[in-house]
Amino acid sequence: MAHFMDVHRGMHGITSDQLHQAHQADLAVEKDENVHFEQAWADPASGTIYCLSEGPSAEAVQRVHERAGHKADEIHEVPLSA
């Protein structure tokens, strides 16, 4: 399985509770696509959210986000980590 970092924009002023709800929405449907969302981070001032996931493809990650109601603007495979 590959790791992916995705970016969502336009979420200005997002709260901790809203970020948690969005992450929970991903977790609720991730198994259907064999994806696991590991963590999410947000910068309310810029409206940017970052999500780290593991799954078979960027397309599978996007399908989870779409079903959860927040399509990613960018998805990047992250082939190396330390």
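Residues numbered from 1 in each chain as written. Predicted model: local features only at pLDDT ≥ 70, side-chain atom pairs only at ≥ 80, totals over all residues. Heavy atoms only, no water.

*Asks:* I would appreciate a short explanation of the nonpolar core in the present structure.
*Replies:* Proteins that are soluble and globular tend to have nonpolar side chains buried together. One finds Leu19, Val35, Phe37, Ile49, Cys51, Val61 and Val64 to be the most contacted residues of the largest nonpolar core, which totals 13 residues. With three residues, the single largest contributor to this core is helix 2 (residues 58-68). (Core = buried A, V, L, I, M, F, W, Y, C linked by side-chain atoms within 4.5 Å. Buried < 20%, exposed > 50% of the residue type's maximum accessible area, 1.4 Å probe, protein only. Helix = DSSP H or I, 4+ residues; strand = E, 2+ residues; numbered from the N terminus.)

*Asks:* Help me understand the sheet that holds strand 4 (residues 74-77), please; the structure alone is not making it clear to me.
*Replies:* Taken in spatial order, the four strands of this open sheet run 2-3-1-4, and their pairing is antiparallel. Each edge of the open sheet is held by one strand with a lone partner, namely strand 2 (36-43) and strand 4. Looking at each pair of strands side by side, their axes are set apart by 20° on average, direction ignored. The pairing of strand 1 (residues 2-8) with strand 3 (residues 48-55) spans seven bridges and is antiparallel. Bridge pairing links Ala2 to Gly55 in strand 3. Taken strand by strand, helix 1 (residues 16-29) contacts strand 2 and strand 3, and its axis lies near 160° from that of strand 2. Helix 2 rests against strand 1, strand 2, strand 3 and strand 4 of the sheet, and its axis sits at about 45° to strand 1. (Pairing = 2+ DSSP bridges. Axes fitted to C-alpha atoms, helices over the stretch in contact; angles between N-to-C directions. Contact = heavy atoms within 4.5 Å.)

*Asks:* Explain the environment of Glu38 to me, please; I cannot follow it from the model alone.
*Replies:* Locating Glu38 in the fold gives a position in strand 2. With 16 residues separating them along the chain, Glu38 and Glu54 place their C-alpha atoms 7.4 Å apart. Every residue in contact with Glu38, bar those within four places of it in the chain, is listed here: His3, His23, Leu52, Ser53 and Glu54. A polar contact is formed between the side chain of Glu38 and the side chain of His3, at a distance of 3.2 Å. (Polar contact = N/O pair within 3.5 Å; in protein donor to acceptor, adjacent residues only side chain to side chain.)

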